[in-house]
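Okay, here's what each chain looks like letter by letter:
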Amino acid sequence: MLAVADIFREAGPAYRERFGARIPSSWLEVMRDIERCRTPALGGHLRQCDHCTHLQYSYHSCRNRHCPKCQGDSTQRWLDEQRARLLPGPYYLVTFTIPDQLRALARSHPKIVYGILMSCAAQALRRLLADPRWLGARPGMLAVLHSWTRTLLYHPHAHFLVTAGGLTGDGHAWRRPARPDFLIPCRALSVIFRAKVRQALAQAKLLDSIPPKTWTKKWVVHCRHVGEGQRALLYVARYVHRVAISNSRLESFDLQRVTFRYRDSHSGQLRRCILSADQFISRFLQHVLPHRFTKVRYYGLFSPRCRDALERARALLRQAQETAEVDRDPEDSPRDTEPPASNDRCPVCRLGRMTVVADLTPHHRREARPRAPPVQRP
């Protein structure tokens, strides 16, 4: 299957030569890691079947958070960790988007603007949800930053998974939203969010470069129900470790052009996008996050500082479930999924088990060419 790594290996050297010093060091690091991922350059181990003696070479992953090959395993690990944090009950997904006029500023100051986007969105949610007309309690919130559209264009936005309810100020009750089918008014939320972003940019001394009409136009904030319990967690997991494009969406690469498919958000139809190799690489790399930037954040009851409050909320919800005597949907159970199939079975004879018989030394020097595995002789 065609992979982003294949495109980087073939077109990357010419791209680096063409743009030279204009390429940020963080982009170069991502390119290098993706190119070397699961190759002899990173080392690995040799496994052998204990029945038919079949040999299998397994190379290490780069573990870069922008690598399409590494994020599937990261998503599953994150899901396993979050099951202990998740509160039972319904959830809403709230999406905050910054307008076009702020995108140039976000490109030049990504760490500052991305941080402002996430913190101001959380503050706006907390302020509105503290109003008794809508909730009047402290919810749990999980935030994830994204910066792309389905065609890899630059589009910074943040997704918030929010509990449909919260812990009261005294910590003695779990309060549901005022309306069972509605969380908060998005128009009011967008106004608060816009004001807080403006204030934060002023404090960062970045307000002068923003056109004045930015603060009078309507900002896009969207809210919708996404299910309960594990369903909501599985839904948001798609956003947590997703990279700009997965390898499964790539269709062809002829050394000059890259073709990939995407689903149109308006019509729902499957479409194709064709870019030159340089355009594809540039679009992919523009979504590289700043060094040490935290793209997944926890607020409200999910904040690490609110562990005691989170446990009180969990106890209240557990008590309510026991007394309500409502049949639980088996799909919401964290134990309903089958364990992943073991990869220890020999892929050739299907009888033996693959065991590690040797470690493969990585090629530490970047200029060294990866060596192919030795030929298995009869």
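Residues numbered from 1 in each chain as written. Predicted model: local features only at pLDDT ≥ 70, side-chain atom pairs only at ≥ 80, totals over all residues. Heavy atoms only, no water.

1. A closer look at the overall build of the protein chain
So, step 1. Within the protein chain one finds nine helices and 13 strands.
So, step 2. For the protein chain, with 378 residues in total, the buried portion stands at 47%.
So, step 3. Across the protein chain, contacts joining residues at least 24 apart in sequence account for 71% of those joining residues at least 6 apart.
So, step 4. Surface summary for the protein chain: the accessible area is close to 21100 Å², and the carbon and sulfur share equals 50%. (Helix = DSSP H or I, 4+ residues; strand = E, 2+ residues; numbered from the N terminus. Buried < 20%, exposed > 50% of the residue type's maximum accessible area, 1.4 Å probe, protein only. Contact = heavy atoms within 4.5 Å. Areas by Shrake-Rupley, 256 points an atom, 1.4 Å probe, with all protein chains shown as cover.)

2. Details of the pattern of salt bridges
So, step 1. Counted by the stated rule, this structure contains ten salt bridges.
So, step 2. In this structure, Arg16 engages Glu35 in a salt bridge whose closest nitrogen and oxygen atoms are separated by 3.1 Å. Highlighted residues: Arg16 in helix H1 (residues 4-19) and Glu35 in helix H2 (residues 25-36), separated in sequence by 19 residues.
So, step 3. Classification of Arg16 as partly exposed rests on a relative accessible area of 26%.
So, step 4. On the accessibility criterion, Glu35 (15% relative accessible area) is buried.
So, step 5. Where Glu251 meets Arg272, a salt bridge forms, and the shortest distance between an N and an O atom there is 2.7 Å. One end of the pair, Glu251, is in strand S9 (residues 250-253); the other, Arg272, is in strand S11 (residues 270-276), with 21 residues separating them in the sequence.
So, step 6. Given the relative accessible area of 30%, Glu251 is considered partly exposed.
So, step 7. Taken together, the salt bridges that share partners define one network made up of Glu251, Arg261 and Arg272. (Salt bridge = Lys/Arg side-chain N within 4 Å of Asp/Glu carboxyl O.)

3. Quick notes on the nonpolar core
So, step 1. Within the largest apolar cluster, 47 residues are counted, with the highest numbers of intra-cluster contacts made by Val94, Phe96, Leu125, Phe160, Leu189, Phe193 and Val197.
So, step 2. Sorting the residues of this core by element identifies strand S3 (90-97), helix H4 (103-108), helix H5 (110-129), strand S4 (140-148), strand S5 (154-163), helix H6 (186-203) and strand S8 (221-228) as the ones contributing at least two each.
So, step 3. Among the elements that line this core, the one with the most residues is H5, at twelve residues.
So, step 4. Beyond its immediate sequence surroundings of up to four residues, Leu125 is in contact with Val94, Phe96, Met141, Phe160, Val162, Ile184 and Leu189.
So, step 5. Counting 32 residues, the second-largest nonpolar core is a separate cluster that includes Ala11, Val258, Tyr262 and Ala277. (Core = buried A, V, L, I, M, F, W, Y, C linked by side-chain atoms within 4.5 Å.)

4. Things to note about a positive patch on the surface
So, step 1. Positive charge collects at one region of the surface, where Arg150, Arg224, Arg238, Arg242 and Arg263 lie side by side.
So, step 2. Checked against the element boundaries, Arg263 lands in strand S10 (residues 257-263). (Patch = residues over 30% accessible without salt bridge, like charges linked within 9 Å, V, L, I, M, F, W, Y side chains within 5 Å. Lys, Arg positive; Asp, Glu negative; His and termini not counted. Charge placed at Lys NZ, Arg CZ, Asp CG, Glu CD.)

5. Comments concerning the packing of H1 against helix H8 (residues 277-285)
So, step 1. Contact pair H1 / H8: the axes reach a minimum separation of 9 Å and the direction vectors enclose 95 degrees. Taken together, the axes of H1 and H8 are roughly perpendicular relative to one another. Taking contact as the criterion, the partners of Val4, Ile7, Phe8, Ala11, Gly12, Tyr15, Arg18 and Phe19 in H1 are, on H8, Ala277, Asp278, Phe280, Ile281, Ser282, Phe284 and Leu285.
So, step 2. Split into classes, the residues belonging to the contact of H1 with H8 amount to eleven nonpolar, two polar and two charged. (Axes fitted to C-alpha atoms, helices over the stretch in contact; angles between N-to-C directions. Parallel < 35°, antiparallel > 145°, perpendicular 65-115°, else oblique. Nonpolar A, V, L, I, M, F, W, Y, C, P; charged D, E, K, R; others polar.)

6. Some words on the sheet that holds S10
Strands belonging to one sheet form pairs held by backbone hydrogen bonds; the direction of such a pair is parallel or antiparallel.
So, step 1. Reading across the sheet, the three strands line up as S9-S10-S11 and stay open at both edges, with antiparallel pairing between neighbours. Two strands close off the open sheet at either side, each with one partner strand: S9 and S11. Put simply, the sheet's adjacent strands are angled 20 degrees from each other on average, direction ignored.
So, step 2. With seven bridges connecting them, S10 and S11 associate as antiparallel partners. Across the sheet, Thr259 pairs through a bridge with Ile274, a residue of S11.
So, step 3. Relative to S9, H1 is tilted by about 20 degrees, and along the sheet it contacts S9 and S10.
So, step 4. Across the sheet, H8 touches S9, S10 and S11, and the angle it forms with S11 is around 110 degrees. (Pairing = 2+ DSSP bridges.)

7. Details of the packing of H2 against H8
So, step 1. The N-to-C vectors of H2 and H8 enclose an angle of 110 degrees; their axes lie 10 Å apart at closest approach. Comparing their axes, H8 and H2 come out roughly perpendicular. Here Trp27, Val30, Met31 and Ile34 of H2 come into contact with H8, specifically with Ile281, Phe284 and Leu285.
So, step 2. The residue makeup of the contact of H2 with H8, split by class, is seven nonpolar, no polar and no charged.

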